[in-house]
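A closer look at the structure
Each chain, letter by letter, is given below.
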Amino acid sequence: MATNAPPLAAALALDAQPAARSLWGETFRRFRRHRLATVGAAILIVMVMAMLAGPLVYRVPIDEIDFKAKLKGPSWTHPLGTDDLGQDLLARMLYGGRISLAVGIAAMLIAIVIGVAVGAASGHFGGAADHTLMRITDLFISLPQLPLLLLIVYLFRDTLKKVLGPEAGIFIMIVVVIGGLRWMPVARLVRAQFLSLREKEFVEAARSLGAPALRQVARHILPNALGPVIVAGTIDVAAAIIAESSLSFLGLGFPPDIPTWGRILFDAKDNLDFAPHWAIFPGTAIFLTVLSINYIGDGLRDALDPRKVLGH
Amino acid sequence: MLAGISLVLFTILALAPGDPFEELAANPNVPREVAQALRHQYGLDDPVAVRYVRWFGAMVHGDWGFSFVSRVNVSTLIWQRLPTSLFVLGTAQALAILIALPIGTLSAVRPYSFFDQVATTLAFIGFSLPTFFTGLLFILFFSIYLGWLPFIYRADISATGWEWWWEHIRQAIMPVAVLGLAQGAGLTRFVRSAVLEVIRLDYINTARAKGLSEKVTIVKHGVRNALIPVVTLLALQIPTIFTGAVITEQIFRVPGIGSLLISSILANDTPVIMAVTFVYSCLVVTFTLLVDMLYGWLDPRITYG
């Protein structure tokens, strides 16, 4: 916008910044100043690349059983060792990582969509609708998450398996349930943003120009409310990965032939004394992923808040 | 609130496919009429609203039915295990507060100092470590490598007197530490940011200007007020605490209601599953109420009714 308003904008640009940056360029620049967030992003990118490209390069099948090589520690043939059936852990972890990440991202998207919808409706309409929606949000916040998750998995597992097949059925159920239990913080954030933004001058300007409600919301309020939502969404990915791993760790997530990281840990936990590598590698993978994502969220929080003056 | 939660639970139950009498119906030895009569007797053919009221009444009265697997009253089973759960949970929470309050406050008093950097980083790591992984690492290090602590929690310790106490403490160390550290890490972050907010305010300057010692200023004027937002966040965290508790109980085989839930799910023991989920809901509600009362004590401006 500022680019074709020559004199004033140019003078300002000369004064303030060496070069005009787009919003996202500026965010990226601020993000990079958060050192640990940058490291986290780098680690995460490496891990994602490994998961996506790894199986193309590292062509060991995930389910090749070899009893001669069972419970072996790391070696040249099996870089991360093997499990009790002699299956290669690296191959299994590369495969499982894809699922863990896919669950994380899909559950986050569900949480964000529900959260934004509820928050926006609540903040926009106000009154009785707001009251009801916030009551529901409070109710969901006070649900005991894991017990409920387990209950739902228990009750619906078999039917979904029958209808959608074992893999898709479990995946969809886990994603929906995790996402469906994690939208409340987003809803509250969005509602709070709406309440403050809809009184702002620029929204009033849009309103007085005759913008219909939908346009006010979609074009003016929502984009400005996005910052905290992005941060919450990032952290939700980490939380969803932990939730999926917890389920699988309890033996109630994915079936054994789908080696998500939590599932590998579940199988490994009874062999800790003679095959510690079996548990340590997937555990570290979960930990590193979650830590990286949380740091990225932290960095984004700083980067997306234009009022925050960055130290150093 | 409990009514709301129970409504959600019941909805899930009502939406769930299959019913408890499916096996009876499939069993050729049970005549159709008998199965029908049983269904009628248990009110499964009644309208949903009637069933909800009856179910909720039964749940509240502690009338939870029989366990399919162990053939005892579900309530007996739960009352046996609830104290252990509450003990581990309570101690862990106390540990979390003991860690979080001093560390968070010290961090906030000297922001960006070396101590703060270390504490913040550790808190971040602790907050990102899933309990099931910390639990396994603890077992690996303290039980297998060092051989100091037992990794299975037993309710039936045969020793008596001091030795009994000692065994109990020894076996509780790891579960409590795992749960407490995980909680403490998150809490430290809350405490730090809350104290950081409060410490800039004018009344802290006033307190200093009055000549109060730094310690009194920070602890009595700063921390006490900072605790108000911390308690708010703590109330929101309560459901999460139980998540960690279930996993920790499962890892260390603590005979509490969390591991009861898992084992009954693996054994398809529906009455127990429902009852445990209900007990968890009750616990969440009770603890939220307790935190709300704490709120009133911290902030005298809040009155009840």
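Reading guide: rules and limits
Residues numbered from 1 in each chain as written. Chains lettered and ligands numbered in written order. Predicted model: local features only at pLDDT ≥ 70, side-chain atom pairs only at ≥ 80, totals over all residues. Helix = DSSP H or I, 4+ residues; strand = E, 2+ residues; numbered from the N terminus. Contact = placed C-beta atoms within 7 Å. Buried ≥ 20, exposed ≤ 12 C-beta atoms within 10 Å, placed from the backbone. Axes fitted to C-alpha atoms, helices over the stretch in contact; angles between N-to-C directions. Parallel < 35°, antiparallel > 145°, perpendicular 65-115°, else oblique. Left-handed = near helix turned anticlockwise from the far one by under 90°. Nonpolar A, V, L, I, M, F, W, Y, C, P; charged D, E, K, R; others polar. pLDDT = per-residue confidence, 0-100.

**Points about the overall build of chain A**
The helix and strand tally for chain A stands at 12 helices and 0 strands. Within chain A, contacts between residues separated by at least 24 positions form 68% of all contacts whose residues are at least 6 apart in sequence.

**What to know about the overall build of chain B**
Check the secondary structure of chain B and you find 12 helices and 0 strands. The order of α-helices and β-strands along chain B, N terminus first, is α-α-α-α-α-α-α-α-α-α-α-α. A buried classification covers 37% of the 305 residues belonging to chain B. Nonlocal contacts in chain B, meaning residues at least 24 apart in sequence, comprise 71% of its contacts between residues at least 6 apart.

**Notes on the packing of helix α5 (residues 74-109) of chain B against helix α12 (residues 270-298) of chain B**
Residues and elements named next belong to chain B. Taken N-terminus to C-terminus, the directions of α5 and α12 make an angle of 50°; their axes are 10 Å apart at the nearest point. Relative to α12, the element α5 is oriented oblique. Seen along the crossing, α5 lies across α12 with a hand that is right-handed. Contacts from Val-74, Leu-77 and Ile-78 in α5 reach Pro-271, Val-272, Ala-275, Val-276 and Val-279 in α12. Taken together, the residues that form the contact of α5 with α12 break down as 8 nonpolar, no polar and no charged.

**Overview of the confidence of the model for chain B**
With 77% of its residues at a pLDDT of 70 or more, chain B shows a mean pLDDT of 77. Overall fold confidence (pTM) sits at 0.81, and the ipTM for the predicted complex is 0.77.

**Some thoughts on the interface of chain A and chain B**
Every contact between the two is made by 35 residues of chain A and, on the other side, 38 residues of chain B. Elements with a minimum of two residues in the side of chain A that touches chain B: α5 (127-141), α6 (145-164), α10 (213-249) and α12 (276-304) of chain A. With 11 residues, the single largest contributor to the side of chain A that touches chain B is α6 of chain A. Partitioned by chemical class, the residues of the side of chain A that touches chain B number 25 nonpolar, 8 polar and 2 charged.

**Things to note about the packing of α5 of chain B against helix α11 (residues 257-266) of chain B**
All names here are of chain B. It is the contact of α5 with α11, at a shortest axis distance of 8 Å, that shows an interaxial angle of 130°. Classed by the angle they form, the pair α5 and α11 counts as oblique. Contacts from Leu-77, Ile-78, Arg-81, Leu-82 and Ser-85 in α5 reach Ile-257, Gly-258 and Leu-260 in α11. For the contact of α5 with α11, the class distribution of residues is 5 nonpolar, 2 polar and 1 charged.

**As for unusual backbone geometry**
Backbone geometry at Arg-253 of chain B places phi at a positive 50°, although glycine is not the residue there. By secondary structure assignment, the location of Arg-253 of chain B is in the loop between α10 (214-252) and α11.

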